[in-house]
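Results of the structural survey
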Amino acid sequence: KQEVTQIPAALSVPEGENLVLNCSFTDSAIYNLQWFRQDPGKGLTSLLLIQSSQREQTSGRLNASLDKSSGRSTLYIAASQPGDSATYLCAAYNTNAGKSTFGDGTTLTVKP
Amino acid sequence: GAGVSQSPSNKVTEKGKDVELRCDPISGHTALYWYRQRLGQGLEFLIYFQGNSAPDKSGLPSDRFSAERTGESVSTLTIQRTQQEDSAVYLCASSWQGYTEAFFGQGTRLTVV
């Protein structure tokens, strides 16, 4: 059974700082890994999807990396802004399960 | 449609009543997922549809919960005899195929009083 862990559960940084969010998974036989953002009281917004054959994906100030062998993915946010404040979730998709397993998220606060 | 649509956005119901939650996936998406998110907690998988069949119902918490999907379109999640512990946000997601990028609706906030 896949288990996904995100550490830390909460993170507070000053504006402008570069930061890394971590996601680890126990079953490395994943098909892809997806990062989401969730604002309070809202649904999830897809940020990046990394296929198992890829090492990283970039979108603007966001860069996500994937290391299947070590069961880890990281989301790098450059030059953080207060508008980046949200909960960030990762989800690992296993083909044999036919579904994604979500971590509990990291709640990020960027202070002006 | 342009995105995944869920209705109602908010539902307050009395304990013991039945509720129906609706999800309209993105047109052409064959995979559809239901999740539950309690306040301050992570996502809890409920059920997954591929087309109108449900290969995985393992997350449904009790026999009071059921879901159906019509073709590769609308899905409804029904909760019978609601209990206070059913209070949560119910999120629906769809993807073109199960292994492709998933898109979420805004959720239905269910409050059982």
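We now turn to the structure provided with this report. (Residues numbered from 1 in each chain as written. Chains lettered and ligands numbered in written order. Predicted model: local features only at pLDDT ≥ 70, side-chain atom pairs only at ≥ 80, totals over all residues. Heavy atoms only, no water.)

1. Thoughts on the overall build of chain A
- Within chain A, the regular secondary structure consists of zero helices and eleven strands.
- Ordered by position from the N terminus, the helices and strands of chain A form the series β-β-β-β-β-β-β-β-β-β-β.
- For chain A, the C-alpha radius of gyration of 13 Å lies close to 13 Å, the compact-globule estimate for 112 residues.
- For chain A, the spread of C-alpha atoms along the principal axes amounts to about 45 × 30 × 20 Å.
- Put simply, chain A has 112 residues, and 48% of those count as buried.
- Split by element, the accessible area of chain A, about 5200 Å² in all, is 48% carbon and sulfur. (Helix = DSSP H or I, 4+ residues; strand = E, 2+ residues; numbered from the N terminus. Rg over C-alpha atoms; globule rule 2.2 N^0.38 Å. Buried < 20%, exposed > 50% of the residue type's maximum accessible area, 1.4 Å probe, protein only. Areas by Shrake-Rupley, 256 points an atom, 1.4 Å probe, with all protein chains shown as cover.)

2. Focus on the sheet that holds strand β7 (residues 65-69) of chain B
All names here are of chain B.
- With antiparallel pairing, the four strands of this open sheet are ordered in space as β1-β3-β8-β7. Every interior strand has two partners, whereas the edge strands, β1 (5-7) and β7, have only one. Strand after strand, the sheet turns through a mean of 15° between neighbouring axes, direction not considered.
- Bridging between β7 and strand β8 (residues 75-79) involves five bridges; their strand directions are antiparallel. (Pairing = 2+ DSSP bridges. Axes fitted to C-alpha atoms, helices over the stretch in contact; angles between N-to-C directions.)

3. What about the state of the cysteines?
- On inspection of all chains with the given rule, the structure shows two disulfides over all chains.
- At a sulfur-sulfur separation of 2.0 Å, the disulfide partner of A:Cys23 is A:Cys90. Between A:Cys23 and A:Cys90, the S-S torsion sits near 80°, and that sign places the bridge as right-handed. One end of the pair, A:Cys23, is in strand β3 (residues 19-25); the other, A:Cys90, is in strand β9 (residues 86-94), with 67 residues separating them in the sequence. Each member of the pair, A:Cys23 together with A:Cys90, is buried.
- The disulfide that involves B:Cys23 links it to B:Cys92, with 1.9 Å between the sulfurs. The disulfide joining B:Cys23 to B:Cys92 has a torsion of about -65° about its S-S bond and is therefore left-handed. Of this pair, B:Cys23 sits in strand β3 (residues 19-24) while B:Cys92 sits in strand β9 (residues 88-95), placing them 69 residues apart in sequence. (Disulfide = S-S within 2.5 Å.)

4. Thoughts on the packing of aromatic side chains
- This model, assessed by the stated rule, comprises nine aromatic pairs over all chains.
- Ring centres 5.5 Å apart and planes at 35° place the aromatic pair A:Phe36 and A:Phe102 in the tilted group. One end of the pair, A:Phe36, is in strand β4 (residues 32-38); the other, A:Phe102, is in strand β10 (residues 99-102), with 66 residues separating them in the sequence. Across the pair, A:Phe102 and A:Phe36 agree in class, each one buried.
- On the basis of an interplanar angle of 15° and a centroid distance of 4.8 Å, the ring pair of B:Tyr33 and B:Tyr48 is categorised as stacked. Here B:Tyr33 is found in strand β4 (residues 31-37), whereas its partner B:Tyr48 is found in strand β5 (residues 43-50), with 15 residues between them in sequence. With respect to class, B:Tyr33 is no different from B:Tyr48; both count as buried.
- Through a chain of ring-to-ring contacts, the aromatic side chains of A:Phe36, A:Phe102, B:Tyr33, B:Tyr35, B:Phe45, B:Tyr48 and B:Phe104 assemble into a single cluster. (Phe/Tyr/Trp six-rings, centres within 6.5 Å; stacked < 30°, edge-to-face > 60°.)

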